[in-house]
Structures are given as structure tokens and as C-alpha cells.
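So the chains spell out like this:
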Amino acid sequence: MNPYDDIFETVLALNEPNSNVADSDYNLNLKEVNSPLHLNQLQNYREYALKTYDNHKIILITATSFQHAQKPDAALCWEEIYKCLIVLADKINDEHASWAIEDFLSLLKSEGLGPKTPMNRFSIANYLEAVKFNEQVDSIFKEAQKLVWPLQSIGMEPVFKRQGTESRVGLEFCPTIKDKDRQWLPGIFCGVLLDGADHGVKNFTNNELKLCLVFDFNRTGQETIKHSENYKKFKEGLKSFVNDWEYIDTAVEPNAKHNKWHPIIILKPMLPLFESTNTHQEQVNIVLGVFSELQKNLIERPEFIKLVEELTVTKSSVTK
């Protein structure tokens, strides 16, 4: 028996809301991951398993190897599971399974159960300045939100977002359907990509901060663009005016990992744009200038306007 097979099945089950397997056979409680075993805990599991299953193995997975006790059939650390799933994520072609693995990896990482890395001298020397960065970049985009943007002319209002899962911070523009709520039909995110892993473009970020314009689609949008001629024409036109931005269609780019929620991303190194600035207002002006230029080009393209109309009409008909 390979214990990793069961772990992989568990990850899929726990990420499937309607899975009977998730309800009955698996119970993952990371809140107690650092706790020691209770007296005779594994023995109690064995006795239960003998009464319930024809065959069983006790696999103990803990935060550290110091917690390995009571003679399980296999003892692993979550860091080992993390590394195993990283390998699987790179090999697997199933979109649902790939999403489930990535989501689970994010959970492990957020709980401090991923690979451990040592402190380096650069981080120690610059930590206090780095801590200030989050507040400073938030302030830039919050101020920029108050300004006039080209996308507002077609009903897309900016909202400041700092999104942990997507690892990005900036302004989200998207239509409001029937004055009820905002929808990614599409969502257009203008900001800073802090980490390219979730968007599937880690190979393009090169461990540096990039300005990004990201096209986001909800489930309705994802279904619509699969067969949309407007979407095909839009992508062809988009390539022609991004100029010194890096255009990435994650559905076809071999060095990217397709993300159906954020299929198109354009990137630009952040540092060259800001390294000669000295004031908060100068940096706000750069954000406004850089992203306004892209937005003007978008709304001047008939194929983009037709795509937005197609997406919003589709959503309106679904909600009737």
C-alpha cells in the first residue's frame, strides 16, 4: 500500500463539497496538528478499524517528526505530503484535481505546514522596510480608487482588493448585474501580483514584483467564453496593443499553468516604473497613468465591448 495514494484521494474528497467520501471516511482537523497524541489514541483507531473495515492501515501525519509515536503503519510529516503534492500538481492533467491540490497546498502553507526555509541575511537586514510595504502599496491603490478611470465609462467601478488566495493587491473593475452584485463578467484586476503561483504564471514572475492586469471570469463567464467568437477576437486584438507588457494566455502558454478563473494576464516589472519616484502622489500618478492607458485601449476595441455585452446578457438571462 502506498500511503500517498490515500492522501491524494483525501485531498480530492475534502475539496469536493458534495462528496460522500469527505463526509464519512475522512476527517482532517488541522487545528490539532501540533497537539500530541492522546493516550492509546492509535490503538483506539485500530480497534474501530478492525470492526469497520476489511483492511486498514494507520497513517500518522504530524507537523513534526517529534510527534511520531504509538507505532503507526506509516508516519509522515505534512511537509512530506506538501512535497509529494507539488510533484503531483505538475504532472496531473485533470483540471478539477489540479485545482483541489493547489487549494490544499495553499491551506498547508497558510497553516505553516509547508517546507521550512531558513532566514537569510537580506531578509533580516530589510525586514522592517518590507513590513511597511504592504501598508504603503495599499495606500497607493486606495488613493487611486478615488480617481476617474476609463472603465467607469462602461459601468465598471473600481474597488480596492487585497486578495490572499490570489496573492495580489490593487483595484478590481467589474460590472454590476441588475444592481445586485459585482460579477467577474469579466473582472479586470489592475494592481500588483505578489506571487504568480495561484494564477499559474510563477515561471514569469522571476521572484520579483510585477504590475498586472488580469481578466477574471466566474463560472458563467467560463462557460460563455469556451465558444465565444467575441472572446477569440478579443484575445487576438489584445496582443496587438499591450506593447512592452508581457501577454500570457494561460490556456495555451506552455510555461504557464491554466487557471480558468484568471485565464489572461499581462505583466510588467514594477521596480523600473517606481525607482525614480520620491513621493506618494508621484506613485499614485504612475498607477493611474499606466493602467488608464491600457483601459482606454480596451474600451476603444469593439470586440471587447461586444464580449462584455455578451457576458452580461448571459448572466442577466440566467438570473431571471
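Below, the structure is looked at part by part. (Residues numbered from 1 in each chain as written. Predicted model: local features only at pLDDT ≥ 70, side-chain atom pairs only at ≥ 80, totals over all residues. Heavy atoms only, no water.)

So, the packing of aromatic side chains
Moving on, step 1. Within this structure, the stated rule accounts for seven aromatic pairs.
Moving on, step 2. Ring geometry for Phe215 and Phe234: centres 5.1 Å apart, planes at 75 degrees, overall edge-to-face. Within this pair, whereas Phe215 is found in strand 8 (residues 210-216), its partner Phe234 is found in helix 9 (residues 229-241), the two being separated by 19 residues in sequence. Each member of the pair, Phe215 together with Phe234, is buried.
Moving on, step 3. Taken together, a centroid distance of 5.9 Å and an interplanar angle of 50 degrees make the contact between Trp245 and Phe291 tilted. Here Phe291 lies in helix 11 (residues 280-299) and Trp245 lies in the loop between helix 9 and strand 9 (246-249), a separation of 46 residues in the sequence. Comparing Trp245 with Phe291, the two get one shared label, buried.
Moving on, step 4. Aromatic ring contacts, followed pair by pair, group Phe215, Phe217, Tyr231, Phe234 and Phe304 into a single cluster. (Phe/Tyr/Trp six-rings, centres within 6.5 Å; stacked < 30°, edge-to-face > 60°. Helix = DSSP H or I, 4+ residues; strand = E, 2+ residues; numbered from the N terminus. Buried < 20%, exposed > 50% of the residue type's maximum accessible area, 1.4 Å probe, protein only.)

What to know about the pairing of strand 4 (residues 168-174)
Moving on, step 1. Among the seven residues of strand 4, seven are classified as buried, and the element is accordingly described as predominantly covered.
Moving on, step 2. From the end of strand 3 (residues 157-163) to the start of strand 4, which pair antiparallel, there are four residues, and Ser167 there has a positive phi angle of about 55 degrees.
Moving on, step 3. Alignment of strand 4 against strand 7 (residues 187-193), held across six bridges, turns out to be antiparallel. When the bridges of strand 7 are listed, Gly170 appears paired with Gly191. (Pairing = 2+ DSSP bridges.)

Focus on the side chain of Asn259
Moving on, step 1. Mapped onto the elements of the fold, Asn259 is located in the loop between strand 9 and strand 10 (264-269).
Moving on, step 2. Here the side chain of Asn259 touches Trp261 through a polar contact of 2.9 Å, landing on its backbone nitrogen.
Moving on, step 3. Not counting the four nearest positions on each side in its chain, Asn259 is found in contact with Asp198, His199 and Thr250. (Polar contact = N/O pair within 3.5 Å; in protein donor to acceptor, adjacent residues only side chain to side chain. Contact = heavy atoms within 4.5 Å.)

Observations concerning helix 5 (residues 95-110)
Moving on, step 1. A rise of 1.5 Å per residue sets the reference length of helix 5, with its 16 residues, at 22 Å; its end C-alpha atoms lie 23 Å apart and thus fit the reference within 8%.
Moving on, step 2. Taken together, the buried positions of helix 5 are Ala97, Ser98, Ala100, Ile101, Phe104, Leu105 and Leu108. Viewed end-on, helix 5 has its buried residues packed into an arc of 160 degrees, placing them on one side of the element. Seen from the open side of helix 5, the exposed residues pointing more than 90 degrees away from its buried face are Lys109 and Ser110.
Moving on, step 3. One side-chain oxygen at the N-terminal end of helix 5 lies 2.7 Å from the backbone nitrogen of Ala97; it belongs to Asp94.
Moving on, step 4. The positive-phi residue at the C-terminal boundary of helix 5 is Gly112, with phi of around 75 degrees. (Expected span 1.5 Å × (residues − 1). Arc of directions from axis to C-beta.)

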